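# Examining the three-dimensional arrangement
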Amino acid sequence: MADTIQPSPVAPEAGTTPNHPAPDRADLRPENIQDAVIRLAGNSQDGIQTAGAFLARLAGRSDQDVMTYMTIPATISGGPSIFQVRIGTGEVLSAGDEADFLVAFYQHSYQDHVDFLREGGVLLYDSDNVEPNLDDKRFVYVGVPITGLTVEALGGTAKDKGKNIFVLGLITKIFNLDAEKLKRIISEKFAGKNESIVNTALMAFQAGYAYPVGKVLTHQYRFEHIPKTDGRAQITMDGNQALAYGLIAAGVRYGAGYPITPWSSVMEILRRELPKYGGIFVQAEDELGAVSIALGFSYSGYLAVTGSAGPGISLKTEAIGWASMAEIPLIICNIQRGGPSTGLPTNVEQSDLHQAIYGGHGDSPRVVLAAATVEDCFYIAIEAARIARKYSTPVFILSDTSLATRIEAFDEPDLSKLMVDPKPDLSPRQTFKPYPVDAITQHIPPGTRILDGKYPLLSGLEHDEMGHPTGSPKLHMVMTAKRRNKLRKLAEEIPVPEIYGDKEGDVLLVGWGSTYGPIHDAVKQARDHGEKVGAIHLRHIHPLSNGIEKIFANFKRIVVVEMNDQGIYGFGQLALILRARYCEPKIESFTKTDGLTFRVKEILDGVFKGRSFAARKIPRDGTAIVHADTTPESVKSVREVVPQGVG
């Protein structure tokens, strides 16, 4: 295929073996490619995430599209881990179902991941630690003594240190990447550390880059480059970074939180950056303290943020209910992970949707939004802030481990048009009713002068229009309806989701959150094979926009694809909500709970169930990858029963 690596035969290592002689002489003329999936497999202590992130950031600075995927162990002591980078010329929506290029640092890395290397793909392995089965003719084997060469380049104290950067240099040479630009990225990354660390990293990189790849490869590769025409620079970051900077652009200057995976990096960025804008982020003593401090900030007139993962959101629930009753604007970020309880702290799930919408006692309406991509993490924060201010309501932003940790490149936002001035309005005014029954609540900041002296109150108790506590049954009914109806008003302004693919047909795929890319790639492949299929992706999940039922009417089947359990009634969490909302029996569920992101083939097999092209051989273009930290025997047996996801 024109857009994938087509490797020529290579020797297993720098020398020769009886079954795999080295070529007489390497032809290192670059071969143009449009797309490549590179998977680094080792241990978390090896710094493979750092090396992969360098590749991703280089792609972003080179006007290429990129998407990454990583898995990390949940134990403090570390363990098997991967980092996968898909680099492409053109739009990249998913991480790829198969790897073109697998780097195996250890024997377990080779055994666990070789089946996820496409047939004809390149296996680059550390010949000091890995003994592959060279009788398996499916792959191209490239053996390099990575550990020994790294120690040789850096000295004996460098054992098990610097291998990641050595491999980075080797990959840079093999793929004909911009070495000077990558060196600058490495220097920037380690700029705040001791100069010796920067020098050691550059020495390891140079050693890998200088390795005579002609001894093991007959080809180098070069990504085709299509210059950008809009003149906008690309930025490269992960979802948590995009979310944090989106909050800053939205005018959020205050917040409070408590550390938990995978939310912690959002609060770390806000702790570092908010003081630069005159604000502050507080690490509280616990989740209850964090949400309460954030509510205090918002009450003062400055929209604030708090966040956590599912377990921490549970602890915040009562205070979020108080925000609903008092009608205080607040942004709550839930970076979802596998549950329940401590669950799968480093794996992905979309199982906190019902918690976000319904988690609380009494009728406690709130808005729920879900980011679709890393770029959307930035813009969803701006949307959340707009809604929170306009409707004086708590707003949930749902992200997940996949979005939080993966890196994407996207056009730099136009901050001159997006930045919000968050200063509260303290101008004097006459009698002010914060809770008018016929209008949406808008609080005035404490300290605002009321000219006639009639100051309002604020309470978690039921209240009248001035905020005075009341036990009136009639007022409670009126105020409950008031808090509910403002969300109905919001639903009127939410745009109907755009349809990707066919506007009518046999199947409509419905998704939310980080399933965006695999679902869209699945629709593209299905349509390429003659299926009448479309997709919509929901960013505004509660309330839903008006008019979605008109889209549903144009399809014979509606399949909701999500990463949570089908429950006792056979439907995932969003599917259950849609069936309740629209009373539409055509709505089906396709769910999974393996803690891994969706593969494209997995979606096609699950939706079409072998009745269509999904049972036939499908080309790799635009598809996503697989991973499981288990023995090869377990991988094979599991794959026969349960479709595995990207990993």
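Check the entry above for the structure.
Once a new chain begins, its residue numbering starts again from 1 and follows that chain's sequence as written. In keeping with the model being predicted, local features are shown solely for residues with a pLDDT of at least 70 and side-chain atom pairs are shown and tallied solely at 80 or more, while totals for entire chains, interfaces and linings include all residues. Values reported for side chains reflect all heavy atoms of the structure, with hydrogen atoms and water molecules removed beforehand.

## Re the sheet that holds strand E11 (residues 280–283)
Sheet strands pair by backbone hydrogen bonding; their relative direction is either parallel or antiparallel. An order of E11-E10-E12-E13-E15-E14-E20 is seen for the 7 strands of this open sheet, with the pairing classed as mixed. Only two strands of the sheet have a single partner each, and these edge strands are E11 and strand E20 (540–542). Each neighbouring strand pair of the sheet contributes to a mean axis angle of 25°, computed without reference to strand direction. Strand pairing requires that DSSP identify at least two bridges connecting the strands. By the criteria applied, helices consist of DSSP H or I runs no shorter than four residues and strands consist of E runs no shorter than two, each listed in order from the N terminus. Note: strand E10 (residues 254–257) against strand E12 (residues 304–308), 2 bridges, orientation parallel. Opposite Gly255, over in E12, you have Val305 as the bridge partner. Only the stretch in contact is used when a helix axis is fitted, and all axes are lines through C-alpha atoms; the angle between N-to-C directions ranges over 0 to 180 degrees.

## Notes on unusual backbone geometry
Across residues other than glycine, the phi torsion is negative in most instances, and most of the peptide bonds are trans. The amide bond that connects Gly339 to the next residue, Pro340, takes the cis arrangement and shows omega of 0°. Along the chain, the position of Pro340 falls in the loop between strand E13 (330–336) and helix H11 (353–358). His542 connects to Pro543 through a cis peptide bond whose omega is 0°. The phi angle at Asn176 is positive, at roughly 55°, despite the residue not being glycine.

## Notes on helix H4 (residues 163–174)
Expected span of a helix, by definition, is 1.5 Å for each gap between consecutive residues, and there is one gap fewer than residues. Helix length check: H4 (12 residues) gives 16 Å between terminal C-alpha atoms against 16 Å at 1.5 Å per residue, within 8%. Accessibility here uses a 1.4 Å probe with only protein chains present; expressed as a share of the type maximum, an area under 20% marks a residue as buried, one over 50% as exposed, and anything in between as partly exposed. By the criterion of burial, H4 is predominantly enclosed, with 11 of the 12 residues buried. Buried residues of H4: Lys163, Asn164, Ile165, Phe166, Val167, Leu168, Gly169, Leu170, Ile171, Thr172 and Ile174, and no others. Directly after H4, the chain includes Asn176, whose backbone phi takes a positive value near 55°.

## Here's the deal with the state of the cysteines
Criterion for a disulfide: a pair of cysteine sulfur atoms within 2.5 Å. Taken as a whole and judged by the stated rule, the model has 0 disulfides. Lacking any disulfide linkage, Cys333 is separated from the closest cysteine sulfur, that of Cys377, by 9.4 Å. A relative accessible area of 0% means that Cys333 is categorised as buried.

## A few points about the pattern of salt bridges
We count a salt bridge whenever a side-chain nitrogen from Lys or Arg sits within 4 Å of a carboxyl oxygen from Asp or Glu. Tallied over the full model, the rule gives 29 salt bridges. Between Glu493 and Arg386 there is a salt bridge, with its nearest N and O atoms 2.9 Å apart. Pair noted here: Glu493 is in helix H15 (residues 473–493) and Arg386 is in helix H12 (residues 374–391), with a separation of 107 residues, a long-range link. For Glu493, a relative accessible area of 30% translates into the label partly exposed. When the shortest N-O distance is used, the salt bridge between Asp528 and Lys524 registers 3.3 Å. Taken together, the residues span about one helical turn, with Asp528 and Lys524 both in helix H16 (residues 516–528) at a distance of 4 residues.

## Side note on the environment of Ile72
Inspection of the secondary structure puts Ile72 in the loop between strand E3 (65–71) and strand E4 (80–88). A relative accessible area of 31% places Ile72 in the partly exposed class. Placed 273 residues apart in sequence, Ile72 and Pro345 show a C-alpha to C-alpha distance of 9.8 Å. For this analysis, residues touch if any pair of their heavy atoms sits within 4.5 Å. Apart from residues no more than four positions distant in its own chain, Ile72 is found in contact with Gln49, Ser81 and Thr346.

These values are about where atoms sit, not about what they do.
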